Amino acid sequence: MIKLFKVKEKQRENAENANGRGPVKKQTAGELRLHKDITELNLPKSCAITFPNGKDDLMNFEVSIRPDEGYYASGNFVFTFQVSPIYPHEAPKVKCKTKVYHPNIDLEGNVCLNILREDWKPVLNINTVIYGLYHLFTEPNCEDPLNHDAAAVLRDNPRLFEINVRRAMAGGYVCQTFFPRCL
């Protein structure tokens, strides 16, 4: 019985090689689900997705968000997504590549978004995560911060927070930290 399976497998490999293609890489369940999520994306005009490693590496991609309203209007913020092979049973790992003055994003790019942590459920998808990130820019949340200084300024002095955001996005110092231009 074992030999029969080996013969069939060898025949399939020979057929694939005869077609001029190499052996076909079997996709994981996570890759299949991610492919479905990406084909069904319904992003706002202010968001875009790119694949820096090419379309063959769906598990690692970037999303750029350009909010058109709020404190961060006209900024360009890039996020990296690393998706696990066991997706959707594990949330994607998301980091902000753009250094930003934001209560929910720390200076190392870590993002505080509940659906990326304790509220992740397999029914959620990449579209939901992108809309969640977009929402962080239109309505920053000072109640669940990673950057406590920015959260305190937003809570206590929204006008100063707006000035700090504009200064950071234009490329300048806020609280002795330099932020590169992202407008």
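Above this note sits the structure.
Residues numbered from 1 in each chain as written. Predicted model: local features only at pLDDT ≥ 70, side-chain atom pairs only at ≥ 80, totals over all residues. Heavy atoms only, no water.

Peer 1: What am I meant to see in the overall build of the chain here?
Peer 2: Helix and strand counts for the chain stand at five helices and six strands. For the chain, the residues scored as buried account for 42% of the 183 residues in total. Across the chain, the fraction of contacts at a sequence separation of at least 24, relative to all contacts at a separation of at least 6, is 53%. As displayed, the chain has an accessible area near 10,900 Å², and 53% of this comes from carbon and sulfur atoms. (Helix = DSSP H or I, 4+ residues; strand = E, 2+ residues; numbered from the N terminus. Buried < 20%, exposed > 50% of the residue type's maximum accessible area, 1.4 Å probe, protein only. Contact = heavy atoms within 4.5 Å. Areas by Shrake-Rupley, 256 points an atom, 1.4 Å probe, with all protein chains shown as cover.)

Peer 1: Got a minute to help me understand the sheet that holds strand β4 (residues 93-96) in this structure?
Peer 2: Backbone-to-backbone hydrogen bonds join strands into a sheet, with any given pair of strands oriented parallel or antiparallel. One open sheet accounts for four strands, arranged β1-β2-β3-β4; its pairing is antiparallel. The open sheet is flanked by β1 (47-50) and β4, the only strands paired with a single partner. Pairwise comparison of adjacent strand axes, ignoring direction, gives a mean angle of 25° for this sheet. When strand β3 (residues 77-82) meets β4, the two strands line up antiparallel, connected through four bridges. Looking at the pairing, Q82 lines up with K93 of β4. Running over the sheet, helix α3 (residues 126-138) touches β1, β2 (60-65), β3 and β4 and is turned about 150° from β3. (Pairing = 2+ DSSP bridges. Axes fitted to C-alpha atoms, helices over the stretch in contact; angles between N-to-C directions.)

Peer 1: Explain the environment of V63 here, please?
Peer 2: Residue position: V63 is located in strand β2. With 14 residues separating them in the primary sequence, V63 and F77 have C-alpha atoms 8.2 Å apart. Leaving out residues up to four positions away in the same chain, V63 has contacts with A48, I49, F77, V78, F79, F81 and I130.

Peer 1: How do you make sense of the side chain of H102 when you look at a structure like this?
Peer 2: Within the secondary structure, H102 is located in the loop between β4 and α3. At 2.8 Å, the side chain of H102 forms a polar contact with the backbone oxygen of L136. Those residues in contact with H102 that lie beyond four places of it in its chain are Y72, L136, F137, P140, N147 and A150. (Polar contact = N/O pair within 3.5 Å; in protein donor to acceptor, adjacent residues only side chain to side chain.)

Peer 1: Honestly, unusual backbone geometry in this entry has me stumped. Any pointers?
Peer 2: Across residues other than glycine, the phi torsion is negative in most instances, and most of the peptide bonds are trans. Cis geometry is found at the peptide bond from Y87 to P88, where omega equals 10°. Positionally, P88 belongs in the loop between β3 and β4. Even without glycine at this site, S74 takes up a positive phi of about 75°. Along the chain, S74 turns up in the loop between β2 and β3. A positive phi angle, close to 65°, is found at Q176, a residue other than glycine. When you line up the elements, Q176 lands in the loop between β5 (172-174) and β6 (177-179).

Peer 1: What is the right way to read the pattern of salt bridges from this model?
Peer 2: Under the criterion given, the structure shown has eight salt bridges. Linking E62 and K97 is a salt bridge whose minimum nitrogen-to-oxygen distance equals 2.7 Å. Taken together, the residues E62 in strand β2 and K97 in the loop between β4 and α3 connect sequence positions 35 residues apart. For K97, a relative accessible area of 52% corresponds to the exposed category. Between R117 and E118 there is a salt bridge whose closest N-O contact spans 3.5 Å. The partly exposed category is assigned to R117, whose relative accessible area is 37%. (Salt bridge = Lys/Arg side-chain N within 4 Å of Asp/Glu carboxyl O.)

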